[in-house]
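Per-entry structural report
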Amino acid sequence: MIKTIATTPYDDQKMGTAGLRRKSKVVMQPNYVENFMQSIFNTIGDLHGKTFVVGGDGRYYNDIAIQKIIKMAAANGVAKLIVGQNGFISTPAGSNVILKNHANGGFILSASHNPGGPNGDFGIKYSNESGGQIPSQISDKIYQNTKMITEYKICDIPDIDLSELGVQNICGMTVEVIDPVKDYVEMMQQIFDFSALKKLFAAGFTMRFDAMNAVTGPYAVRIFEEILGAPKGTVVHASPLPDFGGLHPDPNLVYAKELVDFMNSDKAADFGAANDGDGDRNMILGRHFFVTPSDSLAIITDNFQLIPAYKNGIYGVAKSAATSTAVSRVARAHDIGYYEVPTGWKYFVNLMDSKRITFCGEESFGTGSSHIREKDGIWAVLFWLSIIAATGKSVEQITREHWAKYGRSYYMRFDFEGLDTGVADKLMSDLENKLPSLNGKNINGFQISSAAPFIYNDPVDGSSTKNGLIISFADGSRIVYRLSGTGSSGATLRVYLERYSKTDLDNEPLKMLEEILKIAMDAAEIPERTGKHQADVIT
Ligand code: G1P
Ligand code: ZN
């Protein structure tokens, strides 16, 4: 039943910030998934005795790609696959299943927060035995293999039924279909005090969780409604749909508009939250109040003592370079380690494995801890609920008190989308060449203290990564420029702005950042080079 099929390479199978992400139509080309998967298997080498986890966020093509992967894994000699029921598993739940079962790795079928459907995006993320996504040294090897591939192996059998829990044998390989929610819920119960959270809801606390028609619906219904006792209907858009019901499943002020409008209305709940397509991103809202992900990381870190799993102490904390420096002040106050890494969760994995950090986060609505090796949307929501339950304070009060204690980092991200890749690459390289001349300059009263590429030297494996350009100012303000690595076509320039104030705590972020935005636009010649005078998406 095992067949070897001849194929020819595709030249675009290079992984980005988080796995391979392409237009669904690109992934649906003949042998596209097969080439990519066989290249991974070829890179791993001997697959005998190995176990992998497979599942996805349920987006369009999930059902077809997963069948291909199962049949190919069997043909390549994999011993066992642990598969989420109906092919579903969230990114954080997948990481947990890898770690819990000491699996050799896993494949999550998702393009994360990108829209799905025939005209949307599809993707494959590959994790190793760490439970986190593979380092770029390995993805580079896989890419080399995709360019040389000549054949792939597949077990020629009818599609496998993934609707029933239990164990089956496919071409000599064991396939275990698991409930993708169960283990995840147990893990959350070990981290947080569920009885305190039950009391919170029993006392009438209200919440709206927007699952955005994506994978976290079943997780959120089980945890918030069924276990913690929040009323039915607390979780909205709770059924995962192949095209996310047309939603762009990215939990931010732009794409989670329905939730944002609700939380700004008279009917607002006490607490609002949303997760992305595959459940690793989160947005936290209070009544008429938004918490930036950078502040959320700082507040979570500052409150570690309130959570059973962390109350005896945490190692340190890390953030991506583009994320605001708010958490650095918390790290200093608690005298714990502090790290800045390139964008992409994979850069946190070594720091977690080596017990340098417990918490980490990115400005792109990602927060998490070393309970797994991916960011975790529901974990962040449970953390916030736990702070509320323990303090009796509102989201706004918690955040304002945090600013009063540490000062406030005004922070926003400006995305310039749909750029020609040549234009975007040249903008970045010309800016990089120009940085030395900006060093020490004073622009409209803003004194530049340093201007350089961000270079990360991993303290564990010694690898060095360059990611983005940073202009820092004497008053603590910063501009970070980088190109997105998750797009499926063209280029997106991200410009991240930050300005710190110890005393001015109640201002409009856009107003506070106005002058720095102008400096950022001018320094990189954004209007001249892209024709855009303002960003397409501001978060
Ligand atoms: C984006 C985010 C980054 C995140 C990644 C995967 O990558 O900026 O923080 O880790 O998605 O969720 P980018 O498109 O910027 O490369
Ligand atoms: Zn995601």
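Scroll up a little and you will see the structure.
Residues numbered from 1 in each chain as written. Chains lettered and ligands numbered in written order. Predicted model: local features only at pLDDT ≥ 70, side-chain atom pairs only at ≥ 80, totals over all residues. Heavy atoms only, no water.

Things to note about the coordination of the zinc ion (ligand 2)
Listed as protein donors to the zinc ion (ligand 2) are S112 (OG), D276 (OD), D278 (OD) and D280 (OD); their distances from the metal cover 2.0 to 2.1 Å. Each of the four donor atoms bound to the zinc ion (ligand 2) contributes to angles spanning 87 to 159°, and the resulting shape is irregular. All donors of the zinc ion (ligand 2) come from a single chain, and their spacing in sequence reads S-x163-D-x1-D-x1-D. Taken as a pair, D278 and D280 share a single burial class, namely buried. (Donors = N, O, S within 2.8 Å, 3.2 Å for Na, K, Ca; no water. Tetrahedral: all angles 85-135°; square planar, octahedral: opposite > 155°, others 65-115°. Buried < 20%, exposed > 50% of the residue type's maximum accessible area, 1.4 Å probe, protein only.)

Considering helix α12 (residues 346-353)
Counting buried residues along α12, six of its eight residues qualify, which places the element largely inside the surrounding structure. At the C-terminal side of α12, K355 shows a positive phi close to 60°. (Helix = DSSP H or I, 4+ residues; strand = E, 2+ residues; numbered from the N terminus.)

Section: the sheet that holds strand β14 (residues 289-291)
Read across the sheet, five strands follow the order β11-β10-β12-β13-β14 without closing on themselves; strand pairing throughout is mixed. On the outer flanks of this sheet lie β11 (235-236) and β14, each paired with one strand and no other. Bridging between strand β12 (residues 271-275) and strand β13 (residues 282-286) involves five bridges; their strand directions are antiparallel. Each bridged residue has a counterpart across the sheet, and for A274 the counterpart in β13 is M283. (Pairing = 2+ DSSP bridges.)

Topic: the pairing of strand β23 (residues 478-483)
Where burial is concerned, most of β23 is hidden: five out of the six residues are buried. Where strand β22 (residues 464-473) and β23 come together, four bridges link them in antiparallel fashion. Bridge assignment links I471 to a residue of β23, and that residue is I479. Here β22 folds back onto β23 in antiparallel fashion, the turn holding four residues, of which G476 has a positive phi close to 95°. Pairing geometry for β23 and strand β24 (residues 491-501), over six bridges, is antiparallel. Note on β24: the bridge partner recorded for R482 is R494.

From the geometry alone we can't say anything about function, so treat these as descriptive.
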